[in-house]
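Per-entry structural report
Each chain is listed here by its residues.
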Amino acid sequence: MSNDFYYIGHDLFGYPYNSEFPPNFELYGNGYAGYKNTASQVLFYDFAVQMYDVRFKYHGNMYYLMYTPDYAALCDENFSNEIEIFATPNDLIKKLEIEGRKLLDIINEIDEIEPV
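For the structure given in this document, a descriptive report is provided here.

Conventions used here
- Residues numbered from 1 in each chain as written.
- Predicted model: local features only at pLDDT ≥ 70, side-chain atom pairs only at ≥ 80, totals over all residues.
- Heavy atoms only, no water.
- Helix = DSSP H or I, 4+ residues; strand = E, 2+ residues; numbered from the N terminus.
- Buried < 20%, exposed > 50% of the residue type's maximum accessible area, 1.4 Å probe, protein only.
- Pairing = 2+ DSSP bridges.
- Axes fitted to C-alpha atoms, helices over the stretch in contact; angles between N-to-C directions.
- Contact = heavy atoms within 4.5 Å.
- Core = buried A, V, L, I, M, F, W, Y, C linked by side-chain atoms within 4.5 Å.
- Phe/Tyr/Trp six-rings, centres within 6.5 Å; stacked < 30°, edge-to-face > 60°.

**Structural notes on the environment of F86**
Secondary-structure assignment places F86 in strand β6 (residues 82–86). Taking the relative accessible area as the measure of exposure, F86 reaches 8% and is therefore buried. Each C-alpha atom of the pair F86 and F47 lies 13 Å from the other, and the pair is 39 residues apart in sequence.

**Describing the sheet that holds strand β4 (residues 61–67)**
What holds strands together in a sheet is hydrogen bonding between their backbones, with the strands either parallel or antiparallel. A sheet is described by the order of its strands in space; here five strands give the open sequence β6-β5-β4-β3-β9, paired in antiparallel fashion. Both edges of this open sheet fall to β6 and β9 (112–115), since each of them pairs with a single strand only. Shown here is a sheet whose adjacent strand axes are inclined to one another by a mean of 20°, direction ignored. Across four bridges, the pairing between strand β3 (residues 54–58) and β9 is antiparallel. Residue pairing in the sheet places R55 in a bridge with E114 of β9. Of the strands in this sheet, β3, β4, β5 (72–75) and β9 touch helix α2 (residues 38–47), which is tilted by about 25° from β9.

**Comments concerning the nonpolar core**
Most often, soluble globular proteins keep nonpolar side chains buried together rather than apart. F56, L65 and L103 are the most contacted members of the largest nonpolar core, which has 30 residues in total. Counting residues per element, the ones that place at least two in this core are α2, β3, β4, β5, α3 (89–95) and α4 (103–106). Looking at which element gives the most residues to this core, the answer is α2, with five residues. The contacts of F56, once residues within four sequence positions are left out, are N61, M62, Y63, L65, I98, L103, I110, E112 and I113.

**Some details on the packing of aromatic side chains**
Going through the model one piece at a time under the given rule, you end up with eight aromatic pairs. Ring geometry for F5 versus Y7: centroids 6.0 Å apart, planes at 15°, classification stacked. Y7 matches F5 in its accessibility class, with the two residues each being buried. Considering the side-chain rings of F21 and F44, the 4.5 Å spacing of their centres and the 15° angle between planes classify their relative orientation as stacked. Note that F21 is positioned in the loop between β2 (16–18) and α1 (25–28) and F44 in helix α2, a separation of 23 residues in sequence. F44 matches F21 in its accessibility class, with the two residues each being buried. Site record: aromatic cluster; members linked through ring pairs are F5, Y6, Y7, F47 and Y67.

Structure below.
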C-alpha cells in the first residue's frame, strides 16, 4: 500500500506537489497555493496530494470524494459507500462525471468546496 502516486513530485525544498496539475505561482500567486481558485487548490493539492477527503456543492447537490492509500472514490455523505472508484485521485478528477460533465471541466463552477 502506497499513497505516493506517480504524479506526486517534490520541489527543491522537498515539498510535495501535483506534477500532473502543478501550481503556477507566477500566474496565480500564493493565495490558493499557486492555483486559480479554492476549488483547484482543494482538488489538485489538498485531495490529490495531501490525501484529504473532500466535499463540494455543484448546482445545489453535495458530492463526496474519498482518498485511500490505493485508490480514490466518489462516495456517500458518510464516506462508507463507494459509488465509483478510480485508480488515483487525479484519475477521479479527470474522469468523474457530474451531471454529464467531467469534474475537470466544472472546477471553476463549483459552488462550495472543502477538505474534510
